[in-house]
Amino acid sequence: MSLLTGFAQPIEQSQQAFRLILKALSEPGHVVTLPGSPAWGTLNAASTAALLTLADQETPLQLCSSLESEQVLTNIRFHSGAPMATQADQVCFALFDAQLQATDLQALPHGSEISPEFSTTVVVQLESLEQGTALRLTGPGIEHQRIISPSLPPALLDYLINRPQRFPLGLDFLLTCGERLLALPRTTRVEVC
């Protein structure tokens, strides 16, 4: 299995990607573009950039079966050193596509009252960040409200609207499409318009 390239300029590009991901998390629903990022097999460029930037030896990963391939796993191991989680309660970073199911979300760590930071960041690869159900976002990082319309899997839409855990528990989401990314942290309230 051949290795694929990571960032051409690892320090500068990882710093730039980190700032853009942080911007997306601090301004929920704001779309950022992660230019110049490679795409590894089944992973789009924004998902690959998120892995290259946020994953390391201390962030066990979970990939859904449709995104998992020997090529992807080899490159994750080589470029980030991130291990694959052996148990659901170990997952720090999970990658899914549009086939995401409610059981997938329920199995992930949502943190605890004492340690809410031990929840999972979920990357979901979508066909489009537009042309879906119109959603109204409110909460920290949004002055009044923000309207978005990503093409979400039904299980994710249900999770975001009903948030089964009370804050500070919950999952943080990075939605990706090509080189574009938007974030929906657990602090964001989501309603259908």
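Shown above is the structure to which this text applies.
What counts, and where the lines are drawn
- Residues numbered from 1 in each chain as written.
- Predicted model: local features only at pLDDT ≥ 70, side-chain atom pairs only at ≥ 80, totals over all residues.
- Heavy atoms only, no water.
- Helix = DSSP H or I, 4+ residues; strand = E, 2+ residues; numbered from the N terminus.
- Buried < 20%, exposed > 50% of the residue type's maximum accessible area, 1.4 Å probe, protein only.
- Contact = heavy atoms within 4.5 Å.
- Pairing = 2+ DSSP bridges.

Topic: the side chain of Q13
Step number 1: Tracing the sequence through the fold places Q13 in helix α1 (residues 10–26).
Step number 2: In this structure Q13 comes out as buried when scored by relative accessible area, which is 13%.
Step number 3: Discounting chain neighbours no more than four positions away, the residues touching Q13 are F7, A8, P35 and G36.

Remarks on the pairing of strand β7 (residues 172–177)
Step number 1: Burial within β7 is extensive, with six of its six residues counted as buried.
Step number 2: Of the two faces of β7, both are covered, the one formed by D172, L174 and T176 as well as the one formed by F173, L175 and C177.
Step number 3: When strand β4 (residues 121–125) meets β7, the two strands line up parallel, connected through five bridges. Counterpart to V123 in the pairing with β7 is L174.
Step number 4: Sheet topology note: the β7/strand β8 (residues 180–184) ladder contains five bridges and is antiparallel. Each residue of the ladder has a partner; that of C177, found in β8, is R180.
Step number 5: Two successive antiparallel strands, β7 and β8, enclose a turn made up of two residues, where G178 displays a positive phi of approximately 60 degrees.

Comments concerning unusual backbone geometry
With the exception of glycine, most residues fall at negative phi, and the peptide bonds are largely trans.
Step number 1: With an omega of 15 degrees, the peptide bond between F167 and P168 qualifies as cis.
Step number 2: Relative to the assigned elements, P168 resides in the loop between α5 (154–162) and β7.
Step number 3: The backbone of Q131 sits at a positive phi, close to 70 degrees, despite the residue not being glycine.
Step number 4: Positionally, Q131 belongs in the loop between β4 and β5 (135–138).
Step number 5: For Q131, a relative accessible area of 72% gives the class exposed.
Step number 6: A positive phi angle, close to 30 degrees, is found at R163, a residue other than glycine.

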